[in-house]
Amino acid sequence: MSMKCPTCKRPVLQKVTLEESLLANRCDKCEGNWIASEQYWSWLDAHSETLPEKEPEVSFEINDSQKAKLCPQCNRILIKYKVGRGTNFHLDHCSSCNGVWFDKNEWETLKARNLHDEIHCIFTQSWQRQVRQEEIEENLDLIYTQKFGSEDYQELQKIKAWLNDRPQKLALLAYLNDENPYKLSPPANL
């Protein structure tokens with residue numbers, strides 16, 4: 001059965017070996033890869049334990065196509081899932097056959113981060129919830145950096161971390177917030 005590329009619609013994807021025991025179908029034009037669900041699970045079963053996530057030593061140029069794509073295997077619409085974890089692209093997943101489309105260099109980026117053996121987790125609610133939480137935190141960091149300035153915001157983060165480690169955190173916060181109504185004010189005419 002010949003498959004069409006979800007990105008550039010070319011009629012034939014070529015069989016390739018992405019990893020030892022991991023077969024995929026690649027488009028020669030856009031260099032995207034289709035991994036069928038059964039291929040991924042077979043490779044994952046033969047693969048050793050899940051590797052710990054790491055910061056990449058190299059970065060790859062990613063061209064995350066935002067256009068709607070059709071599954072090359074069953075012709076259904078692919079659903080986009082944001083990867084997160086310091087990456088800025090989406091994977092395209094078929095909810096019918098569970099295959100995954102990787103635009104050029106997405107597989108290589110995930111492999112460099114040791115996330116290539118957790119692809120199946122990206123499509124879960126818990127992973128996507130964590131991605132949304134990361135985005136919220138990044139946006140708050142930007143807002144606070146703009147409001148306070150980079151240096152002051154970094155200092156505030158240190159103070160916050162210090163406070164969070166204290167057993168009397170609430171009392172310390174109350175003290176910092178208190179303008180002490182019992183303090184005597186100087187007479188108004190001085």
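Our structure's up above, just so we're on the same page.
So, here's what we can say about the structure. What you see is a predicted model, and the numbers here were worked out from it, not measured in a lab.

**Section: the overall build of the chain**
And then number 1: Of the regular secondary structure elements, the chain holds six helices and six strands.
And then number 2: Each helix (α) and strand (β) of the chain, taken in turn from the N terminus, gives the series β-β-β-α-β-β-β-α-α-α-α-α.
And then number 3: Against the compact-globule benchmark of 16 Å for 190 residues, the chain has a radius of gyration of 25 Å, which places it well outside the compact range.
And then number 4: Overall size of the chain, expressed as C-alpha extent along the three principal axes, is 90 × 35 × 30 Å.
And then number 5: Looking at the chain residue by residue over its 190 residues, the buried ones come to 34%.
And then number 6: In the chain, 51% of the contacts between residues at least 6 apart in sequence involve partners at least 24 apart.
And then number 7: Per element, the accessible surface of the chain, about 13000 Å² overall, is 51% carbon and sulfur.
And then number 8: Taken as two groups, the 24 positive and 29 negative side-chain charges of the chain have centres that lie 7 Å from each other.

**Concerning the packing of helix α5 (residues 150-164) against helix α6 (residues 169-177)**
And then number 1: Orientation of α5 relative to α6, taken along the N-to-C sense of each, is 135 degrees, at an axis distance of 9 Å. By the angle class used here, α5 and α6 are oblique. On the side of α5, the interface is formed by Trp-162, Leu-163 and Asn-164, while α6 contributes Lys-169, Leu-172, Leu-173 and Leu-176.
And then number 2: Residues of the contact of α5 with α6, tallied by class, amount to five nonpolar, one polar and one charged.

**Some remarks on the packing of aromatic side chains**
And then number 1: Evaluation of the coordinates by the stated rule reveals seven aromatic pairs.
And then number 2: When the centroid spacing of 5.4 Å and the interplanar angle of 90 degrees are considered together, the rings of Phe-102 and Trp-107 count as edge-to-face.
And then number 3: With centroids separated by 5.7 Å and ring planes inclined at 40 degrees, the aromatic side chains of Tyr-144 and Tyr-153 adopt a geometry described as tilted.
And then number 4: Pairwise contacts between aromatic rings join Tyr-40, Trp-41, Trp-43, Phe-102 and Trp-107 into one cluster.

**Regarding unusual backbone geometry**
And then number 1: In this model, Asn-98 sits at a positive phi of 70 degrees, which is unusual for a non-glycine residue.
And then number 2: Relative to the helices and strands, Asn-98 resides in the loop between β5 (90-93) and β6 (100-102).
And then number 3: Taking the relative accessible area as the measure of exposure, Asn-98 reaches 37% and is therefore partly exposed.
And then number 4: At Asn-105, a position not held by glycine, the phi torsion is positive, near 70 degrees.
And then number 5: One can find Asn-105 in the loop between β6 and α2 (106-112).
And then number 6: With relative accessibility at 18%, the residue Asn-105 sits in the buried group.

**Focus: the side chain of His-93**
And then number 1: Within the element layout of this structure, His-93 appears in strand β5.
And then number 2: Within the structure, His-93 has its side chain in polar contact with the side chain of Asn-98 (distance 3.2 Å).
And then number 3: When near neighbours in sequence (up to four residues on either side) are disregarded, His-93 contacts Leu-78, Ile-79, Tyr-81, Asn-98, Gly-99, Val-100 and Phe-123.

Each value, and the rule that gives it
Residues numbered from 1 in each chain as written. Predicted model: local features only at pLDDT ≥ 70, side-chain atom pairs only at ≥ 80, totals over all residues. Heavy atoms only, no water. Helix = DSSP H or I, 4+ residues; strand = E, 2+ residues; numbered from the N terminus. Rg over C-alpha atoms; globule rule 2.2 N^0.38 Å. Buried < 20%, exposed > 50% of the residue type's maximum accessible area, 1.4 Å probe, protein only. Contact = heavy atoms within 4.5 Å. Areas by Shrake-Rupley, 256 points an atom, 1.4 Å probe, with all protein chains shown as cover. Lys, Arg positive; Asp, Glu negative; His and termini not counted. Charge placed at Lys NZ, Arg CZ, Asp CG, Glu CD. Axes fitted to C-alpha atoms, helices over the stretch in contact; angles between N-to-C directions. Parallel < 35°, antiparallel > 145°, perpendicular 65-115°, else oblique. Nonpolar A, V, L, I, M, F, W, Y, C, P; charged D, E, K, R; others polar. Phe/Tyr/Trp six-rings, centres within 6.5 Å; stacked < 30°, edge-to-face > 60°. Polar contact = N/O pair within 3.5 Å; in protein donor to acceptor, adjacent residues only side chain to side chain.

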